[in-house]
Structures are given as structure tokens and as C-alpha cells.
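Chain by chain, the residues:
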Amino acid sequence: MTDRPGTLWAAILGSGIVFLDSSVLTVALPRIARDLPAHVVGTLEGESYVYNGYLLGESAFLILAGWLTDVHGRRRIFTLGLTAFGASSLLSGFAPSLEWLIVLRVLQGISGALIVPGSLALVTASFSGEEQGRAFGVWSGASAGVAVLGPMLGGLLVDALSWRAVFLINVPLVLVALWLTRRYVREGRAAAPSGSLDLPGTVLTALALAGLSVGAISGQQRGWANPSAFIALSIGAIATALLPWWMLRAPGPLVPPALFRSRNFTVTNLSTLVIYAALAVTFYYLTLFLQGTLGYSAAAAGVATMPGVLLLALFSSRLGGLSARYGARWLLTLGPILMAVGVLWLSGIPSTSPAWGLSAAAQTFTPPSGYVTSVLPGLLVFGLGATLMVAPLTATVMRSVPVERAGVASAVNTAISDVGPQLAVAILFVAMTQNFYGALARDAPGLDVASAAVRHDVAPLNVPGHGVSEEVRRAARDASTGAFRLAMVVAAVLLFSGAVINGAGLRIPSGAPLLRVASPDPLWRRCRHIAQEIRGES
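Not measured: the values here are computed from a predicted model.

Time to look at the overall build of the protein chain. Helix and strand counts for the protein chain stand at 18 helices and 2 strands. Buried residues in the protein chain amount to 56% of all 538 residues. Partitioning the contacts of the protein chain with sequence separation of at least 6, the portion at a separation of at least 24 is 83%. Carbon and sulfur atoms provide 66% of the accessible area of the protein chain, an area that totals close to 21300 Å².

Right, here's the structure in full:
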């Protein structure tokens, strides 16, 4: 193997580890919550923190990591990220409690932020011309494979071995990636890196996201009786207020305010915020609902959510020509509308829908009729809408700024696509928990739903504890279904809002240069590759 193929495979393996770990986590969450003791956090609260912790670490440090990659060397920062990701994965695999796993997930997110910018930068610097196009084709194909197969493989690991295998499998993969990097990857850095180290901006971003998310989730879990929730919310609110003030005054801000002078850049980032919040809400709560309420195995939940992602992986880049024929604005309006229709279909899944016990030892792999009628149609319509929307959205973002600002514009858009899910999951936690325990109190009279013991044994979208009576189990199943329906309706509203924002706000002139974008998975926009293609008027 020569240097360039070795570099390509190092980049593929490095980014693939990050994507794989992210794509299988929601499948493993219900088992993690059942197996790990929690001393401070509740069940759904802990699951939310484990999910949000990774996004917090990544979104807060992603733009800064891109700057470090340019200044201190692609190979050096890529190696540092791989090493840190391997170490945090190993420790996560042996986490003794839910609280420790939350801390380690934040460290994983920071490590992933160090890997992601260097992955594509290594390929870009090592290939040119047609070879670069082929290299990105291989890279995108591998990313698509991870996006499609990751949840199913993760589910099989969880069912056959343990949720700990989801983290421990990263360690040998990281070692191979480190060997490839050391042997084949050459050091390189930007000739004239833009910007400077904006440490205050990074800290303010982290405090804003962490304060608002943790404060909202913690306060609802404890009935707003603990002052720590109000302290966290206050820190988040103050940091949020200071962030734009700092960006306008800092000599080299983390997010250059000048980018938002472009109408299309501002509009697409606003729609990105709400659309990707809806994406996260849909897949996060759907996976929990399928396992914790309907009784799907982890492998079944992974397979069940594949159709929509499979549509995107197969047809997203092939449908890019529709943008040239009909205009990106209309695709960015129609796509979220179809996605919202699919989510509304999912909101109708009944509490009596049968379980799917798919596993390595299953006698049949045929899904139950409830999946075919209640789940699959919604996912197919959702996937069709995402297929129409993802590539034009990314292309419009990149076309709305000068070429020399494309790198930071991409990083800003990716960070925003991580911010939306964190805030949406935190806010919905409050609404869903209130909805769940209100319904539980109504359907199970005499049950003290405010007590810590009851909330520990009976949590939304999770299997009740062993000592819970059958009457309370039935009530909890119905209450979880109602809470899930609320989440899906909110996701649909967010998607309709994204369609309105795009339809009313975008101004795209005819005959503009087209951008072809290959993006295999809407939940992980960081795996995209963008290449400009100039065409004449059609």
C-alpha cells in the first residue's frame, strides 16, 4: 500500500469509528439505563445526558478543532483525536455508573471533534483531480455503509454480548487507524490559516449549551425542587446572552458575524437548527419507544429504522439534478413537508403494536404486522423527504458564502446541526415527562408519581422495574405512547417550520453554480463532501 491509499483508509477508518459509535448509541441506550446504576440522575434523564453529552463536546469544540487542524498539522491533531477517542471508548466500556458514562461521553465528543475536520482534510490534501473525486466516492460509500448497517450491527452486539461491546469495539479499530496514520499519512497544515484561537468563544458556547440542557432536564426530573437546576439555567442564559456580544467584539471570533450578512446563509442555518432538531427528536425517541415500550430487541430497533436512511444513502446524490431542474428552494420546502407527514404517521403507532424479537438466535427475521402498517410507511415517507432535502440544504449553505470562507461556513452549519438536537431533546424531556406522569397518575390512581422511588422504577419510554404491578405496567405503556406521540407532533411542527423558513426566506438566482453533495446520513452531516460544478442555464 502506498501513501495515498493508506491516507485514504486512515481517514475512512477514523471518521467511520466516530460515525459508527454515534449511530449505534440510541440502540444501546435502553440496555445501558437498565444495567448501569445511577446515583444522581434518573433513567430517562441519564439517557438524555448520555446522548447530549457527545453532541455537547463535539459542537462546542468542532470549529476550534478545525482551526487547530489547520495551524498545528492535520496528522498531529488527527492522531491526537484518535488516541483520545480510543481511551475514552475504553473507559466508557468499563464505566461503573451512568454518571461516569455521561462524563466519558463528553470526552468522546471532544475527541470526535478533533478527528472529524482532519479526516476530509487528509483526503483533500493527498488527492487532486479525478483521483480526488474517486477518493471521496470511496469515502462517501464507506460512510453510507456505516450509516445503514451501524444500527443493525450495534443492536446485534448489544443483544449477543453487551452494550459495553459498542464502546470496546472502537479500541482495535482505533489502533489500526493509528498504525495507518503513523505509516502512511504525511504531516501538513494550511499555508495561511485563518482566524485565531477563540478560547472564550468556545467556553461560552459550551456553558450556554450545557447550562440550558442540563438545567431543563435536571429541573423537570426533580420537580424543580433543587436549586442546582436554576443555577445551571442561569449560567446557560448568561452565556447565551454574552456569546453574540463576544462575537461582535472579539478580534478573531469562533463564529464570524460577517457570515450572517448573507440572507441565504442565515436562512439555511435557521432551518438547519429546527430541521435537525426534528431529526434528532424523531430517531432518538423512536428508538427508545420501540425498545422500552413496544418490546423490540436492540437488533430489531436497529433494523426497523434503516429504511429511511437507506433511501437517503442510495438516492440523495443521484437526485441532486432535481435541484438544477426545479430549484433548491422548492426541494427545501417539499422535503421537510414530506418528512413531517412521515413523522405524523409515526405518531399514530398504537400502544398495542406487537414486539419484534429479532436477534442472532431468532427463528424468523420477519417483522410483525404492526411494524409494516404503523412504522414502515412513516419511515419511507420520511426518508423520501430527507432524500430531497439534505443535498440541496448543504449545497445552498456552501454557495451562500465566498469560497475562501467555505471551511468555517461548513463548520458553523455543522455545529448548528448539533446544537438543535441538544436543545430540542432537553426541552422535550420536560414536556414528555410532565405528560407521562400526568397520564400515569390518571390511569393508576393511588400511585405517588412524585416520589423518587416511583420515578426510578417507572420512567417514560423505558421498561418498568421488576417490582411494578401489571396494572401500573399497562398504565405506563399507555402513558409512554402518549408521551411519544407528543414528541412526534413537536418534531412534525419543527419540520413544517423548517419548510416555511426555506420557502419564504431563500432567494436563489437562476443559473447559479450548482454544488453536488453526497451525504449518506442526515443525522451526521459532518460526513458530507462538497464539490462545485459549473453548468450553463438549463
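The rest of the description comes next.
Glancing now at the packing of helix 14 (residues 328-346) against helix 18 (residues 470-505). Contact geometry of helix 14 with helix 18 gives a least axis separation of 8 Å together with a crossing angle of 170 degrees. One element, helix 14, and the other, helix 18, form an angle in the roughly antiparallel class. Listed contacts from helix 18 to Arg329, Leu332, Thr333, Pro336, Ile337, Met339, Ala340, Val343, Leu344 and Leu346 of helix 14 are Phe484, Met488, Ala491, Ala492, Leu495, Phe496, Ala499, Asn502 and Gly503. Here the contact of helix 14 with helix 18 is built from residues that sort into 15 nonpolar, 3 polar and 1 charged.

Bringing the pattern of salt bridges into the picture now. Under the definition given, this model contains 2 salt bridges. Across the pair Arg31 and Asp159 runs a salt bridge whose closest N-O atoms are separated by 3.1 Å. Within this pair, whereas Arg31 is found in helix 1 (residues 3-35), its partner Asp159 is found in helix 5 (residues 129-160), the two being separated by 128 residues in sequence. Of the residues examined, Arg31 reaches a relative accessible area of 22% and is grouped as partly exposed. Two residues, Asp443 and Arg442, come together in a salt bridge whose shortest N-O distance is 3.1 Å. Residue class for Asp443 comes out partly exposed when judged on its relative accessible area of 32%.

Now for helix 9 (residues 227-249). Counted at 1.5 Å a residue, the expected span for helix 9 with its 23 residues is 33 Å, and the 33 Å between its end C-alpha atoms agrees. Of the positions making up helix 9, those classed as buried are Ala229, Ala232, Gly236, Ala239 and Leu243.

A cluster of nonpolar residues, Ile337, Val341, Leu344, Val489, Val493 and Phe496, forms a patch on the protein surface that exposes about 440 Å² of accessible area. Listed by contribution, the elements that provide at least two residues to the nonpolar patch are helix 14 and helix 18. Following the sequence through the fold, Phe496 ends up in helix 18. In this structure Phe496 comes out as partly exposed when scored by relative accessible area, which is 34%.

With their axes 12 Å apart at the nearest point, helix 10 (residues 263-292) and helix 14 run at an angle of 25 degrees to one another. In terms of axis orientation, helix 10 runs roughly parallel to helix 14. The two elements helix 10 and helix 14 meet at a crossing, and its hand is left-handed. Counted together, Ile275, Leu279, Thr282 and Leu286 of helix 10 and Pro336, Met339, Val343 and Leu346 of helix 14 form the full contact between these two elements.

Now for the packing of aromatic side chains. Under the defined criterion, the tally for this structure stands at 9 aromatic pairs. Relative to Tyr184, the ring of Trp179 has its centre 6.0 Å away and its plane inclined at 85 degrees; by these criteria the two rings are edge-to-face. A relative accessible area of 9% means that Tyr184 is categorised as buried. When the centroid spacing of 4.8 Å and the interplanar angle of 70 degrees are considered together, the rings of Tyr284 and Tyr285 count as edge-to-face. One aromatic cluster is present, formed by Tyr51, Tyr284 and Tyr285 through successive ring pairs. Positioned above the aromatic ring of Tyr437, the side-chain terminus of Arg455 is 4.1 Å from the ring centre.

Let us look at the side chain of Ser89. By secondary structure assignment, the location of Ser89 is in helix 3 (residues 74-93). Assessed through its relative accessible area of 0%, Ser89 is described here as buried. A polar atom in the side chain of Ser89 sits 2.8 Å from the backbone oxygen of Phe85. The residues contacting Ser89, other than those within four sequence positions of it, are Gln108, Phe167, Leu168 and Asn170.

As a further point, take the nonpolar core. Among the nonpolar cores identified, the biggest contains 92 residues, and Ile32, Tyr285 and Tyr296 are the most heavily contacted of them. The residues contacting Ile32, other than those within four sequence positions of it, are Leu25, Leu98, Leu101, Trp163 and Phe167. Judged by nonpolar contacts, the second largest core, of 23 residues, contains Ala10, Leu82, Ala113 and Val174.

Its identity is not glycine, yet Leu461 carries a phi of approximately 60 degrees, on the positive side. Mapped onto the secondary structure, Leu461 falls in the loop between helix 17 (452-457) and helix 18.

Let's shift gears to the confidence of the model for the protein chain. Mean pLDDT over the protein chain stands at 78; residues scoring 70 or higher make up 80%. Strand 2 (residues 529-533) is the least confidently modelled element of the protein chain, averaging 38 in pLDDT, while helix 18 averages 92, the highest of any element. Low pLDDT, under 50, characterises residues 514-538; the stretch is placed with 86 contacts to residues that sit more than four places away or in other chains.

Moving on, we come to the side chain of Thr287. Along the chain, Thr287 falls in helix 10. A relative accessible area of 3% means that Thr287 is categorised as buried. A polar side-chain atom of Thr287 sits 2.7 Å from the main-chain carbonyl oxygen of Phe283. Other than its neighbours up to four places away in sequence, Thr287 contacts Thr26, Val27, Ala301 and Thr305.

The residue Ala33 is located in helix 1 in this model. When the C-alpha positions of Ala33 and Glu47 are compared, they lie 6.7 Å apart, and in sequence the two are 14 residues distant. Excluding its chain neighbours within four sequence positions, the residues that come into contact with Ala33 are Thr43, Glu47 and Asn462.

Mapped onto the secondary structure, Ile501 falls in helix 18. Separated by 234 residues in sequence, Ile501 and Val267 place their C-alpha atoms 6.8 Å apart.

Procedures and definitions
Per chain, the residues get numbers from 1 upward, laid out in the order the sequence is written. Whole-chain, interface and lining totals are the exception, using all residues; otherwise, since this is a predicted model, local features are given only for residues with pLDDT of at least 70 and side-chain atom pairs are given and counted only at 80 or more. Based on all heavy atoms of the structure, the side-chain values leave hydrogens and waters out of the count. We count a stretch as a helix when DSSP gives it H or I for four or more residues in a row; a strand needs E for two or more, and each element gets its number in order from the N terminus. In this scheme, a residue with accessible area under 20% of its type's maximum is buried, one over 50% is exposed, and one in between is partly exposed, where area comes from a 1.4 Å probe on protein chains only. Should any heavy atoms of two residues lie within 4.5 Å, those residues are counted as being in contact. Residue-level accessible areas treat just the shown protein chains as cover; the underlying method is Shrake-Rupley with a 1.4 Å probe. Comment: axis = line fitted to C-alpha atoms, over the contacting stretch for helices; angle = value between 0 and 180 degrees taken between N-to-C directions. In this scheme, roughly parallel covers angles under 35 degrees and roughly antiparallel covers those over 145, while 65 to 115 is roughly perpendicular and the rest are oblique. In the scheme used here, Gly and all other residues not listed as nonpolar or charged are polar, with Ala, Val, Leu, Ile, Met, Phe, Trp, Tyr, Cys and Pro taken as nonpolar and Asp, Glu, Lys and Arg as charged. Salt bridges are defined as contacts in which a side-chain nitrogen from Lys or Arg sits within 4 Å of a carboxyl oxygen from Asp or Glu. Helix span is expected to be 1.5 Å times the residue number reduced by one. Patch membership requires more than 30% relative accessible area and the absence of a salt bridge. Residues of like charge join within 9 Å; the nonpolar side chains Val, Leu, Ile, Met, Phe, Trp and Tyr join within 5 Å. Note: crossing handedness is left-handed where the near helix turns anticlockwise from the far helix by less than a right angle, and right-handed where it turns clockwise. Two rings from Phe, Tyr or Trp (for Trp, the six-membered ring) form a pair when their centres sit within 6.5 Å of each other. Planes less than 30 degrees apart are called stacked, planes more than 60 degrees apart edge-to-face, and all others tilted. A ring is scored as having a charge over it whenever the NZ atom of a lysine or the CZ atom of an arginine sits within 6 Å of its centre and within 35 degrees of its normal. For the purposes of these results, a polar contact is taken to be a pair of N or O atoms within 3.5 Å, where, inside protein, one atom must be able to donate a hydrogen and its partner to accept one; residues adjacent in sequence count only when each atom of the pair is a side-chain atom. Among buried residues, the Ala, Val, Leu, Ile, Met, Phe, Trp, Tyr and Cys ones that are joined through side-chain atoms within 4.5 Å form a nonpolar core. The quantity called pLDDT is the predictor's confidence in a given residue, expressed from 0 to 100.

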